[in-house]
Amino acid sequence: MKIRSLPLIVISLFLLILQACMTAEKAFNHGNYELSIDMASKKLMSRPGDARHLQVLSNAFRLANERDMGYIRQWELSTEPTAWENIHRTYQSMSRRQDLVKRATASGMALSGVSLFDFKDYSVLIAESKDRAVVDLYEAAEKLLNSGDRMNARLAYEKLARVKTLHSQFRETDRLLTVASESGKTRVLVQVRAADGLGMPVDLEESLTQISLSNLNQGWVEFSQIQSMNQPVHYYLEVIYTRFDPGNPLTTKSKYSDKTQIQTGTKKRKLEDGTIIIEPVMQEVKADIQVWRQQKTATIQGKVQLSRADIGGEVGNRGIFGQAVFKHEYGKATGDARALSNRSKALIKLRPVAFPSDLSMLSQAANEVKQRMYEQIRSCSGQIRYIT
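Quick summary incoming for the structure in this document. Every chain is numbered on its own, with residues counted from 1 as its sequence reads. Under the rules for a predicted model, residues below a pLDDT of 70 receive no local features and side-chain atom pairs below 80 are neither given nor counted, while totals for whole chains, interfaces and linings still include all residues. Excluding hydrogens and water, the side-chain values take into account all heavy atoms of the structure.

## Considerations on the packing of aromatic side chains
Each aromatic pair joins two rings of Phe, Tyr and Trp (for Trp, the six-membered one) with centres within 6.5 Å, and gets the label stacked for planes under 30 degrees apart, edge-to-face for over 60, and tilted for any other angle. Under the definition given, this model contains 11 aromatic pairs. Their ring planes at 70° and their centres at 5.8 Å tell us that Phe61 and Phe119 sit as a pair that is edge-to-face. Taken as a pair, Phe61 in helix α3 (residues 51-76) and Phe119 in the loop between α4 (83-112) and α5 (123-146) lie far apart in primary sequence, 58 residues in all. Relative accessible area decides the class of each residue, using a 1.4 Å probe on protein chains only: under 20% of the type maximum gives buried, over 50% gives exposed, and in between gives partly exposed. A relative accessible area of 2% places Phe61 in the buried class. Ring geometry for Trp292 and Tyr330: centres 5.4 Å apart, planes at 5°, overall stacked. You can see Trp292 sitting in strand β5 (residues 276-308) and its partner Tyr330 sitting in strand β6 (residues 314-335), a full 38 residues away along the chain. Within the aromatic cluster, the residues linked to one another by ring pairs are Phe61, Phe117 and Phe119. A ring is scored as having a charge over it whenever the NZ atom of a lysine or the CZ atom of an arginine sits within 6 Å of its centre and within 35 degrees of its normal. The aromatic ring of Phe119 is capped on one face by Lys102, whose charged end is 5.5 Å from the ring centroid. The way it works is that DSSP assigns letters per residue, a run of H or I at least four long becomes a helix, a run of E at least two long becomes a strand, and they are numbered from the N terminus.

Next up, the structure:
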């Protein structure tokens, strides 16, 4: 059995090897030189000196380098500030590719004594292109910052951040990053007030006007309740409360009945065959329940209004609403207590309670309206990011 299966195993291994070789060649024929290099290198590490994979690797390595040098020559003629950054990255990529090929062919080259690869020292090219990239990015960022435009400041920040990754201590990069960060922000001044002619409850004023804005600051949008003398304001966001209603205590009455059948005794009944049976004697009993319902509903309403600081035009207006509801029931029963349901038994044990104070009700409503307020401010933040 083992002898018969041996040829099959050999053929399968041969087919797998052939498939791997053809896969590297196929990647090369499709112009995917990086994949071809990667696959051929892995094969050569396991089978040093394999002539077929050495040739595929040599061709892919040569053409990948020629392609990248073509890109580099084009970027050297470009005036774009990112050109030398692209060149730097490409030289780094070429160096990593070369290191992979060196590792894959070290044993094979030693065996054959012939080198199919033109290896270079990229260290100087990488260092020189990095220096040129840093200077070009830095100077481009300076020009963008000097324009005084908010959007240009954001572009400058991105370029300076790349400078920082290439050279952590280049010139005044840290200072300019701070300048770009501040200059690129869209500042929103938040104000909280009651509508004209409407007084805000004194005991709730601090709770309603103090807003935690730190979690709302995202990206380039910054909310603040304090206007800095040295920083422009781009948007005004007003939280305007238009209604404070503590609600009126209200007690209503209603009535319902419970009915049920109860057994009051037994009776005998003779069947046709003479058998005597005993049957229960049932009676319907009834109880009337008077229900008193205490209720008080407090409401706070307002709106979140966003407007531009430069032209004063309203950008958005969103309503906010908060409510607190107090409910209590108690009851009294008349009639046959045996008819009472479990609900009714619990109800008649309750007694009237004092209504919550106006302040207590409005405080609960304030908690809800502030949640709605934060939701609408976040919505405004998304709208600001979209239009700026």
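Picking up after the structure, the text goes on.
## So, the pairing of strand β4 (residues 250-270)
Note on pairing: two strands pair once DSSP finds at least 2 bridges between them. Relative to β5, β4 runs antiparallel, the two sharing 20 bridges. Looking at β5, one finds that Lys267 is bridged to Glu279. Between β4 and the antiparallel strand that follows it, β5, lie 5 residues; Gly274 among them carries a positive phi value of about 95°.

## Comments concerning unusual backbone geometry
Residues apart from glycine generally show negative phi values, whereas peptide bonds are mostly found in trans. Phi is positive for Arg171, which is not a glycine, with a value near 40°. The topology assignment puts Arg171 in the loop between α6 (150-166) and α7 (173-183).

## A look at the packing of helix α2 (residues 33-46) against α3
A fitted line through C-alpha atoms serves as each axis, taken over the contacting stretch for helices, and the angle formed by two N-to-C directions is quoted from 0 to 180°. As a packed pair, α2 and α3 sit with axes 9 Å apart at the nearest point and diverge in direction by 145°. When the axes of α2 and α3 are compared, the crossing they make is left-handed. Between α2 and α3, the contacting residues are Tyr33, Glu34, Ser36, Ile37, Ala40, Ser41, Lys43 and Leu44 on the first element and His53, Leu54, Val56, Leu57, Ala60, Phe61, Leu63, Ala64 and Arg67 on the second. Under the scheme applied, nonpolar residues are Ala, Val, Leu, Ile, Met, Phe, Trp, Tyr, Cys and Pro; charged residues are Asp, Glu, Lys and Arg; polar residues are all the others, including Gly. A class-by-class count of the residues in the contact of α2 with α3 yields 11 nonpolar, 3 polar and 3 charged. Here a crossing is called left-handed whenever its near helix is offset anticlockwise from the far helix by less than a right angle, and right-handed whenever the offset is clockwise. Working rule for contacts: check all heavy atoms of both residues, and any pair within 4.5 Å makes them a contact.

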